[in-house]
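# Notes for the structure review
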Amino acid sequence: MDRFFHDPESEKLLREHNQALEAAEALKGKQFKPALTRDELLRKFIFWQKRSKDQPGGQDSAGMVDVSFAPPIYPPCLASLKDLKRVMIKDLLFETHHRGSYILVRSITRAEKMAAVTVIVEDEQKHAIPLRMLNEKLSCHDGFAGKGEILLVKEPYLTLIPGVEYGIKVDHISDIMFIPMFDNMVPSAWREQLPEHETSQWTAGNWLSMGIENINWGRFYSATARCSKGLECSPTEEERHYLLYYRGMAFFKAHEWDACLRDLDAIPAGPKSEIALRGKGQTLYYLQRFRESCDVFIELCKKDPEDVNAKNDLREAIVRLAEQKKCLYNFKDMQEKASKTHPPLLGHGTWIGPVTVRQTESQGRGLFTTQAVKAGDLLLCEKAFAYATEHPSKPKWNSSLHINTELWTTTRGGQLALASSIVEKLYKNPSLTSTITNLYSSGFKQVSTESVDGNPVVDTFQIARIISLNGFGSPTSSRGNHIPDALDASGSPEKLHNCGIWPNASTINHSCMSNAHRAFIGDMMIIRAADDIPADTELTMWYMLPSPENQPMDFRHWGFECSCAMCADIRATEPRVLEMRVRQREQIAIALDNNSTLSHERAEMLVERLAETYPRPLDQVLRLGLWEPLTLIAGVYGRRKEWEKAGKAVIRALEGVGFVLEGSGLEGDVEGPFVVKKWGLVMDNLVVAWIILCRSLLRVAPERAMQVERYARMTYLICVGEEGSFDATYEMSLKEVRQFCSEEGQVEGWVV
Ligand SMILES: C[S@@+](CC[C@H](N)C(=O)[O-])C[C@H]1O[C@@H](n2cnc3c(N)ncnc32)[C@H](O)[C@@H]1O
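Residues numbered from 1 in each chain as written. Predicted model: local features only at pLDDT ≥ 70, side-chain atom pairs only at ≥ 80, totals over all residues. Heavy atoms only, no water.

### Notes on the domain arrangement of the protein
We count it as follows: Domain limits in this description derive from either an automatic procedure or a database domain assignment. In this analysis, two residues are considered to be in contact whenever any of their non-hydrogen atoms come within 4.5 Å of each other. The term buried area denotes the loss of accessible surface (1.4 Å probe radius) that occurs when two parts are joined, taken as the sum for both partners. Put simply, a salt bridge is a Lys or Arg side-chain nitrogen that is within 4 Å of an Asp or Glu carboxyl oxygen. Identification of polar contacts relies on pairs of N or O atoms within 3.5 Å, with a donor-acceptor requirement for protein atoms, meaning one able to donate a hydrogen and the other able to accept it, and with residues adjacent in sequence counted only if both atoms are side-chain atoms. Gly is put with the polar residues, along with every residue not named as nonpolar or charged; the nonpolar set is Ala, Val, Leu, Ile, Met, Phe, Trp, Tyr, Cys and Pro, and the charged set is Asp, Glu, Lys and Arg.
Structurally, the protein comprises domain 1 (3–52 + 68–190), domain 2 (197–326), domain 3 (350–484 + 495–567) and domain 4 (628–743). Listed as interface residues are six residues of domain 1 and, on the opposing side, 10 residues of domain 2. Carbon and sulfur atoms make up 55% of the area that domain 1 and domain 2 hide from each other, which totals about 750 Å². Three residues stand out in domain 1 for area buried against domain 2, namely H141, D142 and F182, and they jointly supply 66% of the buried area on that side. In this structure, the connection of domain 1 to domain 2 is made through zero salt bridges. Taken together, domain 1 and domain 2 are joined by one residue pair in polar contact (both at pLDDT 80 or more). Residues of the side of domain 1 that touches domain 2, tallied by class, amount to four nonpolar, one polar and one charged.

This is the structure in structure tokens:
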């Protein structure tokens, strides 16, 4: 969530792109007449290549920002190839989906990654044209497309392409096919110019050798195609065995886990069956099927108790299973790995705690507690289904911008890379499709077919819609929010520059008064209760942080208006009053900047005035606008060692955001320990507020200070996901506390 934004610059880009789309639409149905000859096009391609290399930031008005555009939505081709008619480039019409047709072309340049992957192709009549496709197709091929590659585009679409003038664009991975040279579709004129053309007499053995050779060259897609061909050529039992084995191995290397499992399961006992079994165990592991993975490794260990690899694999799988079933995580290790790895992909399992998905009354599905939980309890620890980071070599962490005129949104960061990785993952592993396509898509019309001609169909636009409604922005570690100027392993600031999809967490609806809180350690999302929550209660989590200025929140992107008491009150408050609050907050900040007793008194007076703009009682509407000024005032008093004043400001700030407290001793309530009777809004800087309160109580009521410190830890646990790094993170703040305790020696059980 919280990555979409509107500002004047993105509005301008949205409008510009919309105009370009309208210009293209004006050409709709016009016959294609190539403006450039084949040679001119090739020369121009070299110029484009050079320009794109010289301008790594892209060519748009956003300067150094790398801008990508979501095209208008259309469904992928669902027709079988046998039902499509071949057409030539000259037959194409502009801005038209040539439904029922395909073109067969050959690349006459290498594919270049510009804004998307671009390559110049020609058809049999030697008409040349740029072809633009998504990068994931190359990832599902062998990672590149050289000269002489045969490509088939189903239902092609000829369009104006910004920067490249015109070309065929392919938005769905299943709409483009790499045709192996040995395929009967390849015209003989093209075939003769490339190796491997005389394959009509090849036996299963020949295909097997070629398959193995391709594996050795790292061309796994080509290897699977050749092994498949071998399996069609009446192999002997032994050849079949090896063809399945090597194809399975190529699928494994290409991360096509579904197909890999199918082949490895089909291998009969015999040579290589133990290596195949190990491959199966590892494949199940990558599919997060840890129980089955353990069973396979146990079988291998039984077969050969000296098998060190099997023992190591089993150990890893058991650790994952313990995470998945028993929530046994080593958070300290996770933090360490996340800080040292880029991208921070941590190999952990997902634990689903005392929660279940149910229908809500008016907000679709929601996530509910199955038992009562306490603030800080773990609810979900989820591994990202897909995760994307900005490339560390980019000049700015926020250097890429994705523009979507359909949703009228602009998003920063790696969302495009996230979409690519999901499309690729689903195309390679159709068994995972429903994990993503079941997520909320605001009525997106899903295609009826899951596969055509044995190949999976993945709708790029559906994935983009799902990401925009369910994706989360994330720092590399939420601990970064508590460490000034923190950098992650990429050297980038620890801000929201990564993004991902966590399917279980995506079932949680928004409320500004949320009762659950997410934290990140690498690609793991950790959700904890931010309140004591009874059983059968819906969990809610902020999609966007409630505005500290107490201004109206805009959830149109997600298609709802927040109905929480705070938002309802803001809507009912006159704009004049909201503006006054903004002004008063500014004046308070100015007063606090001016470090004198007089100005602090003025700041306190202004806070009183600000409080008066909230006429409704606290137990009905929170006063979020008071939080920041009061915590700033508390900080100022803290620095001046005026501890009582600091403590009182913190207590007021806490009460303003919904905390009900007892026993601070600062407000005449001298009996009993310090307890939070009711939790309020849990924000990152709440930890600091507790620490100020703790220090302010230290000299007058050390036991209570100790009790407050526990709440600081608990808040840290909720905001960061784990508690182990608390001392190291707040070392300086707690130093004084520790010193005081050891000097006085009077606080028993103080654990710092
Ligand atoms: C990430 S999904 C949450 C799960 C979703 N309710 C479902 O059925 O799968 C986000 C969508 O849930 C709905 N939603 C979330 N919070 C809401 C709220 N406070 N009020 C109304 N609808 C909400 C909106 O339709 C939003 O686009």
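### Considerations on the sheet that holds strand β22 (residues 498–501)
The line we're drawing: Strand pairing follows a simple DSSP-based rule, namely that at least 2 bridges must link the two strands. Numbering goes from the N terminus for both helices and strands, where a helix is a DSSP run of H or I of at least four residues and a strand is a run of E of at least two. Axis angles are defined between N-to-C directions and span 0 to 180 degrees, where every axis is a line fitted to C-alpha atoms and, for a helix, only to the segment in contact.
Here three strands make up an open sheet; going across it, the order is β16-β22-β21 and the pairing antiparallel. Where the open sheet ends on each side, the last strands, each with one partner, are β16 (386–389) and β21 (472–474). Across the sheet, the axes of successive neighbouring strands diverge by a mean angle of 25°, strand direction being ignored. Here β16 pairs with β22 via four bridges, running antiparallel. In the sheet register, A388 faces β22, and the bridge partner there is C499. Against the sheet, helix α13 (residues 415–428) makes contact with β16 and β22, and its axis sits at roughly 145° relative to β16, the strand it touches most.

### Some remarks on the packing of aromatic side chains
The description of an aromatic ring pair uses the distance of the two centres, along with the angle that the planes make with each other. Just so we agree on the cut-off: Centres within 6.5 Å are what make two rings of Phe, Tyr or Trp a pair, Trp counting through its six-membered ring; a difference in plane orientation under 30 degrees is then read as stacked, over 60 as edge-to-face, and the rest as tilted. Per-residue accessibility, obtained with a 1.4 Å probe over protein chains only, is compared with the maximum for each type, and a residue is labelled buried under 20%, exposed over 50%, and partly exposed between these values. We call a charge positioned over a ring when the NZ of a Lys or the CZ of an Arg lies within 6 Å of the ring centre and within 35 degrees of the ring normal.
Going through the model one piece at a time under the given rule, you end up with 30 aromatic pairs. Between F555 and W558 the ring centres are 6.1 Å apart and the planes differ by 50°, which places this aromatic pair in the tilted class. No difference in accessibility class separates F555 from W558, as the two residues are buried. Aromatic ring contacts, followed pair by pair, group F252, W257, Y285, Y286 and F290 into a single cluster. A cation sits over an aromatic face here: R358 above F368, 4.2 Å from the ring centre. For the cation-ring pair, K425 lies above F385, with the distance from its terminal atom to the ring centre recorded as 4.2 Å.

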